[in-house]
Amino acid sequence: MWGTGLGVSLALVGAAAAGWAVYMKLEGNITPDEAAAAELARYEKDRPTALVKDALNILLIGSDSRAGAENRRYGRDPGTERSDTVILLHLSAGRRNATAVSIPRDLMVDVPDCRRPDGKRSAPMFTQFNAAFEVGGSACTVRTVEKLTDIRVDHHVVVDFEGFKEMVDAVDGVEVCLSAPIDDEDAHLHLPAGRVTLDGEQALGYVRARKSLGDGSDTGRIERQQRFLGALVNKVRSNEILLNPVKLYPVLDAATSSLTTDPELASLRGLYELVRGLRDIPAAGVQFLTVPRESYAGDVNRDQLAQPAAGKLFERLRKDQPVRVNTHGERKATEKETAAPADSASPAPTFSGNTAAEDTCA
């Protein structure tokens, strides 16, 4: 659900302009995920090898934690949390493009043995994807994604409900286009049709709603999240924010306060080094898609990878080869072929998705 991590990264392009006191304040906001780092180090020999120098893969994890006064408003706190949304963000070498791949929470996957919060270890299991975060937090989710894709995850970022809302409010809201009015009591969402600027609370309801929007499926929800994140990316990248210190500081403060990251990213310097090349990526080069999947044979309410499309997507990301999204026509999880670009030796497969350049009202 949260491309806040992506929006955060783009916002931090301007961090070098902050004064020392402000710099230290922002740096202190970020929470390093030391426990996950230790767990991942334990399994270093089993993890995939990065194939392309300078290409990066960042796992963005949206937690559905109800812990804390603000998060508790969205449901009972059972003492556990699952990943509400997970996005694998691939940044190409040379930062020519960014590809954000959503992994459905109901996808059936192999979750390895993981260290539980109580220190005990879970047994390997075949279950739905979002259980990995509940069982073993971010480290278990990273290992599950690596096992699923054979792609090395270089960094991870975790954001909860409150962090998402604060980021949206810090950019003074994000505009979306609604084809019909929304009146959803469960999502606390009441909006007119047409162009609407959502504040943080409304944006959270918008990206999480199921019953009142679309066909009620997680597929429709993911597509709506991706379109919202494209609009958020554009808002954060705008000169209105990046060139205005008065507007930039609240964005940076909200962004850094909402992050739990691997220790290497848990500093302004680390984040700045990550994102400094992103400002040159055009909006059309920021792509969103969902991993190809189909109904799971054992339960129509669950998903499984659609092959060979999913395997081809993972291979291209692993090798840092071009991936293209088809933003027109019927949304499908199947792969299609497109003509090869003039500078490419082979055709780049096209997947259903959208880019940050799309107008949600078009």
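Residues numbered from 1 in each chain as written. Predicted model: local features only at pLDDT ≥ 70, side-chain atom pairs only at ≥ 80, totals over all residues. Heavy atoms only, no water.

1. What about the state of the cysteines?
Point 1. The tally for this structure, following the rule as stated, stands at 1 disulfide.
Point 2. In this model, C114 is linked to C140 through a disulfide, with the two sulfur atoms separated by 2.1 Å. An S-S torsion of about 75 degrees defines the bridge between C114 and C140 as right-handed. Here the residue C114 occupies a position in the loop between strand 5 (108-111) and strand 6 (125-128), and C140 occupies one in helix 4 (residues 131-149), the gap between them amounting to 26 residues.
Point 3. We classify C114 as buried; its relative accessible area is 1%.
Point 4. Using a relative accessible area of 1% as the deciding quantity, one classes C140 as buried. (Disulfide = S-S within 2.5 Å. Helix = DSSP H or I, 4+ residues; strand = E, 2+ residues; numbered from the N terminus. Buried < 20%, exposed > 50% of the residue type's maximum accessible area, 1.4 Å probe, protein only.)

2. Concerning the packing of aromatic side chains
Point 1. For the coordinates displayed, the defined rule picks out 3 aromatic pairs.
Point 2. Aromatic side chains F126 and Y296 sit 6.0 Å apart centroid to centroid with 55 degrees between the ring planes, which places their arrangement in the tilted category. Placement of the pair is F126 in strand 6 and Y296 in strand 14 (residues 293-296), with a sequence separation of 170 residues.
Point 3. Classification of F126 by relative accessible area gives partly exposed; the value is 44%.
Point 4. Ring pairing ties together the aromatic residues F164, Y206 and F228, which thus form one cluster.
Point 5. Directly above the aromatic system of Y206 lies the positively charged group of R224, at a separation of 5.6 Å from the ring centroid. (Phe/Tyr/Trp six-rings, centres within 6.5 Å; stacked < 30°, edge-to-face > 60°. Lys NZ or Arg CZ within 6 Å of the ring centre and 35° of its normal.)

3. Considering the pairing of strand 14
Point 1. Note that strand 14 and strand 15 (residues 299-305) share 4 bridges and pair antiparallel. Bridging from a neighbouring strand, R293 pairs with L305 of strand 15.
Point 2. Between strand 14 and strand 15, which pair antiparallel one after the other, the connecting turn spans 2 residues. (Pairing = 2+ DSSP bridges.)

4. Examining the pattern of salt bridges
Point 1. Within the structure shown, the criterion is met by 11 salt bridges.
Point 2. Where R121 meets D113, a salt bridge forms, and the shortest distance between an N and an O atom there is 3.4 Å.
Point 3. Judged by relative accessible area, which is 29%, R121 ranks as partly exposed.
Point 4. In this structure D113 comes out as partly exposed when scored by relative accessible area, which is 23%.
Point 5. A salt bridge links R195 to E175; the shortest N-O distance between them is 2.9 Å. Taken as a pair, R195 in strand 11 (residues 194-198) and E175 in strand 8 (residues 174-178) lie far apart in primary sequence, 20 residues in all.
Point 6. What you see here is one network of salt bridges that share partners, running through E39, D113, R121 and R143. (Salt bridge = Lys/Arg side-chain N within 4 Å of Asp/Glu carboxyl O.)

5. Topic: the packing of helix 3 (residues 34-42) against helix 4
Helix-helix packing: each pair is described by the crossing angle between the helix axes and the interaxial distance.
Point 1. Orientation of helix 3 relative to helix 4, taken along the N-to-C sense of each, is 40 degrees, at an axis distance of 7 Å. Accordingly, the angle class assigned to the pair helix 3 and helix 4 is oblique. Pair helix 3 / helix 4 crosses with right-handed handedness. Within the contact between the two elements, helix 3 uses A36, E39 and L40 and helix 4 uses S138, A139, V142 and R143.
Point 2. For the contact of helix 3 with helix 4, the residue count by class is 4 nonpolar, 1 polar and 2 charged. (Axes fitted to C-alpha atoms, helices over the stretch in contact; angles between N-to-C directions. Parallel < 35°, antiparallel > 145°, perpendicular 65-115°, else oblique. Left-handed = near helix turned anticlockwise from the far one by under 90°. Contact = heavy atoms within 4.5 Å. Nonpolar A, V, L, I, M, F, W, Y, C, P; charged D, E, K, R; others polar.)

6. Some remarks on the pairing of strand 7 (residues 155-159)
Point 1. Among the 5 residues that make up strand 7, 5 are buried, leaving the element largely enclosed by the rest of the structure.
Point 2. What you see with strand 7 is no split at all: H155, V157 and V159 on one side and H156 and V158 on the other are buried throughout.
Point 3. Sheet analysis places strand 2 (residues 56-63) next to strand 7, joined by 5 bridges and oriented parallel. Following the sheet pairing, L59 is matched in strand 7 by H156.
Point 4. Pairing geometry for strand 7 and strand 12 (residues 260-261), over 2 bridges, is antiparallel. Its bridge partner being in strand 12, V158 is matched across the sheet by T260.

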